[in-house]
Structures are given as structure tokens and as C-alpha cells.
Amino acid sequence: MSRPSPQRYENAKHVTVRYWAAARAAAGLSEEQVPPGTLADVLDEVRRRHADRDRFAEVVAMCSVLVGDTPVNTREPASVDLPAGATVELLPPFAGG
């Protein structure tokens, strides 16, 4: 029987935020772990962590947000609960088609 990696235990205690395209460039990383809470809490936390990065808040404000595979759309971020182990995807608008 194999033991789960320490990283797997760590992910189970936090929310994973994944950045795509311009959001990845603005954050300077592809993903990070934040404490669970509401989507509003998570977005506030990542904005706080990256307050010194040019354009980060601007890019995040334009992003489509998915929780797992489900788009948040027009739901109020404070009403979207994110338990430990959840994944948030931040996808900036894409050109082309």
C-alpha cells in the first residue's frame, strides 16, 4: 500500500488556484495554495499576495472563473463556498477561435 505524498495532504487542506495564459504571466506562477473560504476570500487573498505585480488585479478582474469544472458566471463571489481541496481556475479572455 503506497502512502500519499505530503503535497497531496497539503492540497487537501487548501484551495488550489490555477492561473492560465495572461493570468499566469501576471502572477508569475501557474498555481498556488490558499486557505479555504468563499470565492471572494480566495480572490482577496491572491490579490493581496500579488499586490506588487503589475497588472495582476486588472487581469484577474477580466478572468472567467471556474470552480472545478463549473463556471461561476454571474454568481456573487461571496456566495460561492470553496472547501479545502477545491480548485479555482482563472482564465483570461482568449483571442481567436
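All of these numbers come straight from a predicted model, not from anything done at the bench.

Okay, the environment of R24 next. Tracing the chain through its elements places R24 in helix α2 (residues 22–27). Taking the C-alpha atoms as reference points, R24 and V59, separated by 35 residues in sequence, lie 9.7 Å from one another. Not counting residues up to four positions away in its chain, the partners in contact with R24 are Y19, L29 and S30.

For the rest of this paragraph, the subject is the confidence of the model for the protein. With 86% of its residues at a pLDDT of 70 or more, the protein has an overall mean of 89. Counting contacts from residues 1–7, a segment whose pLDDT is below 50, to residues more than four positions away or on other chains yields two contacts.

Looking now at helix α3 (residues 39–49). Of all the positions in α3, only L39, V42, L43, E45 and V46 are classed as buried. Projected down its long axis, α3 shows its buried positions confined to an angular sector of 160°, all on one face.

Here the focus is unusual backbone geometry. One non-glycine residue, R55, adopts positive backbone phi at about 70°. Its location among the elements puts R55 in the loop between α3 and α4 (56–62). In the Ramachandran plot, N73 falls in the positive-phi region, its phi being about 55° despite a non-glycine side chain. Checked against the element boundaries, N73 lands in the loop between β5 (70–71) and β6 (81–82).

Thresholds applied
- Residues numbered from 1 in each chain as written.
- Predicted model: local features only at pLDDT ≥ 70, side-chain atom pairs only at ≥ 80, totals over all residues.
- Heavy atoms only, no water.
- Helix = DSSP H or I, 4+ residues; strand = E, 2+ residues; numbered from the N terminus.
- Contact = heavy atoms within 4.5 Å.
- pLDDT = per-residue confidence, 0-100.
- Buried < 20%, exposed > 50% of the residue type's maximum accessible area, 1.4 Å probe, protein only.
- Arc of directions from axis to C-beta.

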